[in-house]
Amino acid sequence: MPTVLEMAGPILEMLTWLCLPTGLILLVYTGILRRFVHPWSVAEGVVYSDPTGTGFRWFDQKYRVHHAPMSPHDIKDLAVGDTLPIYYHPNRPTQWQTAAPEPAGRTAVALGRILTGIGTVAFIAGFVLPMF
């Protein structure tokens, strides 16, 4: 009958090969997703009101002015000249929001960290356990 240490070897090997690459792939995927697909920049938006309408204006990272026309009802709690943070997509400034965006792939990052941790512990244990 095999001992516990003899049975742990194949189990640790399997955990290493299943968890470590999968976790690393998830972390790389979410890194690419956050960097290139869903990047958000923040700018200080100013409420304006002129003959063309009411809304927000802000400068992007390349110092271009962007306008977000709004109805006076939407910004009834703000006065002209008030500032607020505007989160926008650097490549598509027409895609913006005033609430802080949720990070893309939050669940995938958590799962990637857990799987990478399990795979790393199994990898190290696979080298340490045969010494005993």
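Quick caveat: nothing in here was measured; it's all calculated off a predicted structure.

Calculation criteria
- Residues numbered from 1 in each chain as written.
- Predicted model: local features only at pLDDT ≥ 70, side-chain atom pairs only at ≥ 80, totals over all residues.
- Heavy atoms only, no water.
- Pairing = 2+ DSSP bridges.
- Helix = DSSP H or I, 4+ residues; strand = E, 2+ residues; numbered from the N terminus.
- Axes fitted to C-alpha atoms, helices over the stretch in contact; angles between N-to-C directions.
- Left-handed = near helix turned anticlockwise from the far one by under 90°.
- Nonpolar A, V, L, I, M, F, W, Y, C, P; charged D, E, K, R; others polar.
- Expected span 1.5 Å × (residues − 1).
- Buried < 20%, exposed > 50% of the residue type's maximum accessible area, 1.4 Å probe, protein only.
- Contact = heavy atoms within 4.5 Å.
- 1 Å grid on protein atoms, 1.4 Å probe; cavity = no way out; pocket = protein on both sides within 12 Å on 5 of 7 lines; lining within 4 Å.
- Points joined across faces, edges and corners; volume = space filled by probe spheres on them.
- Core = buried A, V, L, I, M, F, W, Y, C linked by side-chain atoms within 4.5 Å.

Asks: Help me understand the sheet that holds strand β2 (residues 53–59), please; the structure alone is not making it clear to me.
Replies: Picture the strands of a sheet paired through backbone hydrogen bonds; they go either parallel or antiparallel. Within the open sheet, the five strands sit side by side as β3-β2-β1-β4-β5. Their pairing is antiparallel. Each end of this open sheet is capped by a strand with a single partner; those strands are β3 (65–70) and β5 (96–97). The sheet contact formed by strand β4 (residues 83–88) and β5 spans two bridges and is antiparallel. Residue pairing for β5: Tyr88 is matched across the bridge by Trp96.

Asks: Help me understand the packing of helix α1 (residues 4–37) against helix α2 (residues 106–128) in this model?
Replies: How two helices pack is summed up by the angle between their axes together with the distance between the axes. One can describe the packing of α1 onto α2 by two numbers: an axis separation of 7 Å at closest approach and a directional angle of 145°. When you trace α1 past α2, the crossing you get is left-handed. The residue makeup of the contact of α1 with α2, split by class, is 15 nonpolar, nine polar and three charged.

Asks: Would you mind going over α2 with me for this structure?
Replies: Working note: α-helix, 3.6 residues per turn, so residues spaced by three or four point in the same direction. Compared with an ideal rise of 1.5 Å per residue, which puts 23 residues at 33 Å, α2 spans 33 Å between its outermost C-alpha atoms and is within 8% of the ideal. Turning to α2, its buried residues number three or more, namely Ala108, Val109, Gly112, Leu115, Thr116, Gly119 and Ala122. For α2, the elements touching its buried residues are α1.

Asks: Help me out: how do you make sense of the layout of surface pockets in this one?
Replies: Vacant regions in the atomic arrangement are exposed by a probe of water-molecule size rolled over the atoms. Empty space within the largest pocket amounts to approximately 230 Å³. Lining the largest pocket are 16 residues, and of these Glu13, Thr16, Ala122, Phe123 and Gly126 lie nearest its centre. Mapped onto the lining of the largest pocket, the elements with two or more residues apiece are α1 and α2. Grouping the amino acids of the lining of the largest pocket by side-chain chemistry returns twelve nonpolar, three polar and one charged.

Asks: Just to check I follow, could you spell out the nonpolar core for this structure?
Replies: The tendency in soluble globular proteins is for nonpolar side chains to be buried side by side. Ranked by size, the top nonpolar core spans nine residues in total: Ala43, Val47, Phe56, Trp58, Ala68, Ile75, Leu84, Ile86 and Tyr88. For this core, the secondary-structure elements that each account for two or more residues are β1 (41–50), β2 and β4. Element by element, the count of residues in this core is highest for β4, at three residues.

Asks: Help me out: how do you make sense of the environment of Ile86 in this one?
Replies: Relative to the helices and strands, Ile86 resides in strand β4. Note on Ile86: relative accessible area 0%, which makes it buried. C-alpha of Ile86 to C-alpha of Ala68: the two residues are 18 residues apart in sequence and 10.0 Å apart in space. In this structure Ile86 touches Ser41, Val42, Ala43, Gly45, Phe56, Trp58, Trp96, Gln97 and Thr98, once residues within four positions along its chain are discounted.

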